Amino acid sequence: MTSASTTAPDELAGADDILAVARQQVLEAGEGLSQEQVLTVLRLPDERLEELLALAHDVRMRWCGPEVEVEGIISLKTGGCPEDCHFCSQSGLFSSPVRSAWIDIPSLVEAAKQTAKTGATEFCIVAAVRGPDKRLMSQVAAGIEAIRNEVDIQIACSLGMLTQEQVDELAAMGVHRYNHNLETAKSHFPNVVTTHSWEERWDTLKMVREAGMEVCCGGILGMGESLEQRAEFAANLAELEPDEVPLNFLNPRPGTPFGDLDVLPAAEALKAVAAFRLALPRTILRFAGGREITLGDLGAEQGILGGINAVIVGNYLTTLGRPAEADLDLLDNLSMPIKALNDTL
């Protein structure tokens with residue numbers, strides 16, 4: 001990172017310029033930054049971070065408002081995935097500790113109940129698969145029906161790549177939002193996954209959008225991508241125009257190809273949060289996995305005051321998260337109201 005003592009005057013002038021441009025272009029006009037502009041933001045020296053986060057927060061408040069959307073997630077089918085996503089301990093191709101398991105319907109309903117008690121409006125059913133087979137689709141249908149009978153909450157799904165028939169089935173089940181992450185920039189994707197293509201993921205997302213479901217699409221930062229590729233990823237997402245972008249930070253998992261990568265530095269991660277907000281001024285930008293080890297408790301507050309307007313509470317699929325109470329207390333302390341269910345309909 002560039003320190004204050006080594007920052008040239010022209011670098012600081014450039015920092016002033018991009019923040020002034022962003023204030024006019026994004027805050028005032030609501031137009032997201034371009035790929036080149038995002039790259040300039042990502043290159044800002046650390047001493048500009050506080051100002052950058054403040055601007056991103058202003059953009060979030062102007063175009064999204066103060067409410068924070070809370071979500072919980074549950075793994076319906078864990079482990080044994082045939083894909084080789086290099087960050088994921090659920091791949092059956094790696095010597096990772098996660099093994100294949102299914103959760104039963106009563107447990108799924110109980111998880112939805114506990115999620116709703118936190119004030120969450122969204123409950124996402126996730127499966128570690130390339131794409132759903134008939135058994136999984138039947139289990140999802142039964143789970144959604146059981147949850148609806150007992151819990152007042154929006155239901156999202158993340159089941160991998162879909163056929164048009166499966167997209168139509170999920171839409172008919174009343175799935176509110178579908179998550180399928182592009183994970184990283186198109187140019188970096190072959191370094192992250194080799195068993196399927198970035199374009200296959202993109203095609204699923206297009207079908208989801210056309211079927212009337214909300215699109216949730218984000219990725220993981222810190223997987224060896226360059227700053228240029230991070231800016232490219234923001235531009236990829238801006239082109240897609242998802243309703244929600246979950247931002248994960250790599251939590252290196254033992255036994256995976258990325259198990260020995262370094263954790264992303266906190267300042268770099270926070271710059272990325274702000275940069276993605278400036279690229280996507282109206283999008284739900286959600287704190288997701290890895291923020292605990294990347295940012296810690298202080299970083300959670302900085303992120304929520306730096307462009308984030310949604311959080312996943314509790315644990316993730318294979319890693320531990322912050323206690324739900326910690327996030328809810330933080331939102332209360334910051335006077336950030338939790339988005340009500342009737343505001344999501």
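So, how was this worked out
- Residues numbered from 1 in each chain as written.
- Predicted model: local features only at pLDDT ≥ 70, side-chain atom pairs only at ≥ 80, totals over all residues.
- Heavy atoms only, no water.
- UniProt positions renumbered as here; feature names shortened; annotations may be inferred.
- Helix = DSSP H or I, 4+ residues; strand = E, 2+ residues; numbered from the N terminus.
- Buried < 20%, exposed > 50% of the residue type's maximum accessible area, 1.4 Å probe, protein only.
- Contact = heavy atoms within 4.5 Å.
- Areas by Shrake-Rupley, 256 points an atom, 1.4 Å probe, with all protein chains shown as cover.
- Expected span 1.5 Å × (residues − 1).
- Pairing = 2+ DSSP bridges.
- Phe/Tyr/Trp six-rings, centres within 6.5 Å; stacked < 30°, edge-to-face > 60°.
- Lys NZ or Arg CZ within 6 Å of the ring centre and 35° of its normal.
- Polar contact = N/O pair within 3.5 Å; in protein donor to acceptor, adjacent residues only side chain to side chain.

Identification of the chain as Biotin synthase from Gordonia araii NBRC 100433 is taken from an unreviewed UniProt entry. Listed in UniProt under the heading Function (unreviewed entry), the comment for the chain reads: "Catalyzes the conversion of dethiobiotin (DTB) to biotin by the insertion of a sulfur atom into dethiobiotin via a radical-based mechanism."

Engineer: What am I meant to see in the overall build of the chain here?
Structural biologist: Each helix and strand counted, the chain has 11 helices and 10 strands in total. Taking all 345 residues of the chain together, 58% fall into the buried category. Contacts spanning at least 24 positions in sequence make up 77% of the contacts within the chain whose residues lie at least 6 apart. Per element, the accessible surface of the chain, about 13900 Å² overall, is 50% carbon and sulfur.

Engineer: Would you mind going over helix α7 (residues 198-210) with me for this structure?
Structural biologist: Note on helix geometry: an α-helix contains 3.6 residues per turn, so any two residues three or four positions apart are oriented the same way. For α7, which comprises 13 residues, the first-to-last C-alpha distance of 19 Å matches the rise-based estimate of 18 Å (1.5 Å per residue) to within 8%. For α7, the set of buried residues is W198, R201, W202, T204, L205, M207 and V208. Taken together, the buried residues of α7 touch α6 (164-172), β5 (177-179), β6 (214-216) and α8 (227-240). Positive backbone phi, approximately 95 degrees, marks G212, located one or two places after α7.

Engineer: Help me understand the pairing of strand β1 (residues 69-78) in this model?
Structural biologist: Walk down a regular strand and you will see the side chains alternate between the two sheet faces. Most of β1 sits out of view: 10 of its 10 residues are buried. Two strands pair when backbone bridges link them, and β1 and strand β10 (residues 310-312) are joined in this way by 3 bridges, in the parallel orientation. Residue pairing in the sheet places V70 in a bridge with V311 of β10. Of the strand pairs in this sheet, β1 and strand β3 (residues 122-127) are connected by 6 bridges, and their pairing is parallel. In the sheet register, E71 faces β3, and the bridge partner there is E122.

Engineer: Any chance you could explain the environment of L108 here in plain terms?
Structural biologist: With respect to the helices and strands, L108 occurs in helix α4 (residues 105-117). Between the C-alpha atom of L108 and that of I144, which follows or precedes it by 36 residues, the distance is 9.1 Å. L108 has contacts with I74, L76, I103, F123, I125, G143 and I147, leaving out every residue within four places of it along the chain.

Engineer: Would you explain the packing of aromatic side chains in this entry?
Structural biologist: Note on aromatic pairs: each is described by the distance of the centres and the angle between the planes. Using the criterion set out here, one finds 3 aromatic pairs in the structure. Ring geometry for F233 versus F276: centroids 5.9 Å apart, planes at 65 degrees, classification edge-to-face. You can see F233 sitting in helix α8 and its partner F276 sitting in helix α9 (residues 266-279), a full 43 residues away along the chain. Note on accessibility: F233 and F276 belong to one class, buried. Stacked on the ring of W102, the Lys or Arg R135 has its end atom at 3.9 Å from the ring centre. Lying across the ring of W63, R282 places its NZ or CZ 4.3 Å from the centre.

Engineer: Could you clarify how one ought to interpret the UniProt feature "binding site: [4Fe-4S] cluster" (unreviewed entry) in the chain in this entry?
Structural biologist: Residues annotated by UniProt as "binding site: [4Fe-4S] cluster" (unreviewed entry) correspond here to C81, C85 and C88. Position of C81 relative to the elements: it lies in the loop between β1 and β2 (101-102). Taking relative accessible area as the criterion, C81 reaches 10% and is therefore assigned buried. The residues touching C81, leaving out its near neighbours within four places in the chain, are Q90, S91, G92, L93, A128, V129 and R130. Tracing the backbone shows C88 in the loop between β1 and β2. Judged by relative accessible area, which is 22%, C88 ranks as partly exposed. Residues in contact with C88, not counting those within four places in the same chain, are F94 and T256.

Engineer: Would you explain the side chain of R291 in this entry?
Structural biologist: Position of R291 relative to the elements: it lies in helix α10 (residues 291-304). A distance of 3.1 Å separates a polar side-chain atom of R291 from the backbone oxygen of I312.

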